[in-house]
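Here's the letter readout for the chains.
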Protein chains: 2
Amino acid sequence: MNRDVLCNQIGHVFTQSQLLQRALTHRSYSAEHNERLEFLGDSILNCVVAKYLYGIYPDLPEGDLSRLRSNLVNQQTLFILAQQLRLGELLLLGEGERKSAGFRRPSILADTMEALFGAVFIDAGFAAAEQVVLRLYVPFIAQADAQTLGKDFKTLLQEYLQGKRLALPKYIVIATQGEAHAQLFKVECQIEQLKLFTCGEGSSRRTAEQVAAEAAYRKIESQS
Amino acid sequence: MNRDVLCNQIGHVFTQSQLLQRALTHRSYSAEHNERLEFLGDSILNCVVAKYLYGIYPDLPEGDLSRLRSNLVNQQTLFILAQQLRLGELLLLGEGERKSAGFRRPSILADTMEALFGAVFIDAGFAAAEQVVLRLYVPFIAQADAQTLGKDFKTLLQEYLQGKRLALPKYIVIATQGEAHAQLFKVECQIEQLKLFTCGEGSSRRTAEQVAAEAAYRKIESQS
């Protein structure tokens, strides 16, 4: 994994490579860290997703647009994206964070993801940042369609199983990592009667359960 | 006051005049109201101001940028702008709202202001919306700078009270909700000598205190 591969994946080659360097730098590594870019990236991400949702859902009321966006623009989705892009391998971390596996921590990875959007915005403007954000986000947006609007995956899964008169899933915490303020939870969703077992990770037990439930729901969906 | 004057003031002539019509339409007037545009306008406003602050304050940490922006992008500033532009005279309101002087209500005017930014964004893209937002906001940004930069509301409040030789406020946690990783704190700011008691909520005790301090500071400001 190197920076060229990353640029290739996000579809943007930096004119100012120091911006990419900065986006990948955690505050524990250098004073030239990515927090200002993260501030910017958060706002461009919100704006791009707002514009896109406005366009593809011409009839959706403001409250639903807002809910849909906050289901998309959150730490969990950013964390998943960062993992897909293997950002952790490129992250510049101070020694302490490196030793405590900071490169796997959801909050650090999510923040870096935002910083990356901010860096593209500064490097090449709104349209370029929009392109990068949508390239990564559209698959998530497509999933979070009208059906799931306002309904979480634990609820969807439960409704499906009840419809089939099957027992409800069990959610078991199978691992926790990290310190109290920055824990990573790993949860297994167990649906015995379907012999379906999926895992989810997240910065809270609840989020990890949702991710595991989503994985189960998607699996069922793809098989039906 | 008419729409041409408004366009002249904001520096944007609409290609799609129905967008301006919509931005000026309150939900009490028609189903074709401005709430979706407001959703969009809020995000473009945040993004433009973030980019501008990032550019003019190259050394300001993320926390200060964020604080500075939230002091700018709030209902109060939007309300002032709306009054300057005499938006109330162009607002399309249902009869009930018209009779209860809705055209003067801060929330309605602030929302319409945001909808106007959203309408420009859809009409002509990011650069056009950026131009309109900055044309209106730069004078405020110049002001907000010296006043609030680097000083949070707890500090501002404390300085005010010390200046009046009053006792410092007490901050009391009056409620906490949620699990350990996702708590919501409710804090009361108590200024006994002024018989002033305000509340704030936040995901940390510190944030909740700041929100409560801000509420107290604003109340004092509005009364003086």
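What you are looking at is a predicted structure, and each value in this text was computed from that prediction instead of being measured.

**Q** Explain the UniProt feature "binding site: Mg(2+)" (unreviewed entry) in chain A to me, using residue names and the numbers behind them.
**A** Residues and elements named next belong to chain A. Cross-referencing UniProt, the feature "binding site: Mg(2+)" (unreviewed entry) maps to Glu38, Asp111 and Glu114 in the present numbering. What stands out for the annotated residues spanning 77 residues is how close their C-alpha atoms remain, the widest pair being 6.0 Å apart. Topologically, Asp111 is positioned in helix 7 (residues 106–124). Structurally, Glu114 is set in helix 7.

**Q** Quick one: what's the story with the domain arrangement of chain A, residue by residue and with numbers?
**A** All names here are of chain A. The domains assigned to chain A are domain 1 (3–143) and domain 2 (153–223). One C-alpha centre belongs to domain 1, the other to domain 2; they are set 25 Å apart. Opposite the eight residues of domain 1 that make contact, domain 2 presents 10 residues. Here domain 1 and domain 2 share an interface that buries about 730 Å² over both sides, 48% of which is from carbon and sulfur atoms. If you look at where domain 1 meets domain 2, you find zero salt bridges. Taken together, the connections running from domain 1 to domain 2 amount to two residue pairs in polar contact (both at pLDDT 80 or more). Residue contributions to the side of domain 1 that touches domain 2 peak at four residues, all from helix 5 (residues 75–84). Grouping the constituent residues of the side of domain 1 that touches domain 2 by class yields two nonpolar, four polar and two charged.

**Q** Give a description of the UniProt feature "domain: DRBM" (unreviewed entry) in chain A that names residues and reports values.
**A** When the UniProt feature table is mapped onto this chain numbering, "domain: DRBM" (unreviewed entry) sits at residues 152–222 of chain A. When the span residues 152–222 of chain A is considered, its composition is 41% helix and 32% strand, and the gap between its end C-alpha atoms is 18 Å.

**Q** Quick one: what's the story with the environment of B:Phe153, residue by residue and with numbers?
**A** Residue and element names in this part refer to chain B. With respect to the secondary-structure elements, Phe153 resides in helix 9 (residues 153–163). Each C-alpha atom of the pair Phe153 and Tyr217 lies 7.1 Å from the other, and the pair is 64 residues apart in sequence. Leaving out residues up to four positions away in the same chain, Phe153 has contacts with Asn71, Gln210, Ala213, Glu214, Tyr217 and Arg218.

**Q** Could you give an account of unusual backbone geometry, naming the residues involved and the relevant values?
**A** Despite not being glycine, A:Arg165 shows a phi value in the positive range, around 55°. Mapped onto the elements of the fold, A:Arg165 is located in the loop between helix 9 (153–163) and strand 1 (170–177). The phi angle at B:Lys195 is positive, at roughly 50°, despite the residue not being glycine. Note that B:Lys195 resides in the loop between strand 2 (184–191) and strand 3 (196–202).

**Q** Would you mind going over the interface of chain B and chain A in detail, with residue names and values included?
**A** Every contact between the two is made by 26 residues of chain B and, on the other side, 26 residues of chain A. Between chain B and chain A, the buried area comes to about 2,400 Å², and carbon and sulfur atoms account for 71% of it. Ranking the residues of chain B by area buried against chain A places B:Arg36, B:Phe39 and B:Tyr54 at the top, with a combined share of 36%. There are zero salt bridges connecting chain B and chain A. Across the contact surface, chain B and chain A share seven residue pairs in polar contact (both at pLDDT 80 or more). Looking at the side of chain B that touches chain A, the elements that each hand over two or more residues are helix 3 (35–56), helix 4 (62–72) and helix 7 (106–124) of chain B. In terms of residues, the side of chain B that touches chain A owes the most to one element, helix 3 of chain B, which gives 12 residues. Classifying every residue of the side of chain B that touches chain A gives 15 nonpolar, four polar and seven charged.

**Q** Break down the sheet that holds strand 2 (residues 184–191) of chain A for me, citing the residues and quoting the values.
**A** Residues and elements named next belong to chain A. As summarised here, the arrangement of the three strands in space is 1-2-3, forming an open sheet in which the pairing is antiparallel. Every interior strand has two partners, whereas the edge strands, strand 1 and strand 3 (196–202), have only one. Going from strand to strand, the sheet's axes swing by 20° on average, the running direction of each strand aside. As defined by bridge partners, strand 2 adjoins strand 3 across seven bridges and the pair is classed as antiparallel. Bridge pairing in strand 3 links Ile191 to Leu196. Helix 10 (residues 205–223) rests against strand 1, strand 2 and strand 3 of the sheet, and its axis sits at about 140° to strand 3.

**Q** Explain the packing of helix 9 of chain A against helix 10 of chain A to me, using residue names and the numbers behind them.
**A** The angle between the axes and the distance between the axes are what describe a pair of packed helices. Residue and element names in this part refer to chain A. Running from amino to carboxyl end, helix 9 crosses helix 10 at an angle of 45°, the nearest separation of the two axes being 8 Å. Regarding the angle of helix 9 to helix 10, the classification is oblique. The hand of the helix 9/helix 10 crossing is left-handed. On helix 10, the residues touching Phe153, Lys154, Leu156, Leu157 and Tyr160 of helix 9 are Glu209, Gln210, Ala213, Glu214, Ala216, Tyr217, Arg218 and Ile220. Counted by class, the contact of helix 9 with helix 10 contains eight nonpolar, one polar and four charged residues.

Conventions and cut-offs
Residues numbered from 1 in each chain as written. Chains lettered and ligands numbered in written order. Predicted model: local features only at pLDDT ≥ 70, side-chain atom pairs only at ≥ 80, totals over all residues. Heavy atoms only, no water. UniProt positions renumbered as here; feature names shortened; annotations may be inferred. Helix = DSSP H or I, 4+ residues; strand = E, 2+ residues; numbered from the N terminus. Domains from an automatic or database assignment. Contact = heavy atoms within 4.5 Å. Buried area = accessible area lost by both parts, 1.4 Å probe. Salt bridge = Lys/Arg side-chain N within 4 Å of Asp/Glu carboxyl O. Polar contact = N/O pair within 3.5 Å; in protein donor to acceptor, adjacent residues only side chain to side chain. Nonpolar A, V, L, I, M, F, W, Y, C, P; charged D, E, K, R; others polar. Pairing = 2+ DSSP bridges. Axes fitted to C-alpha atoms, helices over the stretch in contact; angles between N-to-C directions. Parallel < 35°, antiparallel > 145°, perpendicular 65-115°, else oblique. Left-handed = near helix turned anticlockwise from the far one by under 90°.

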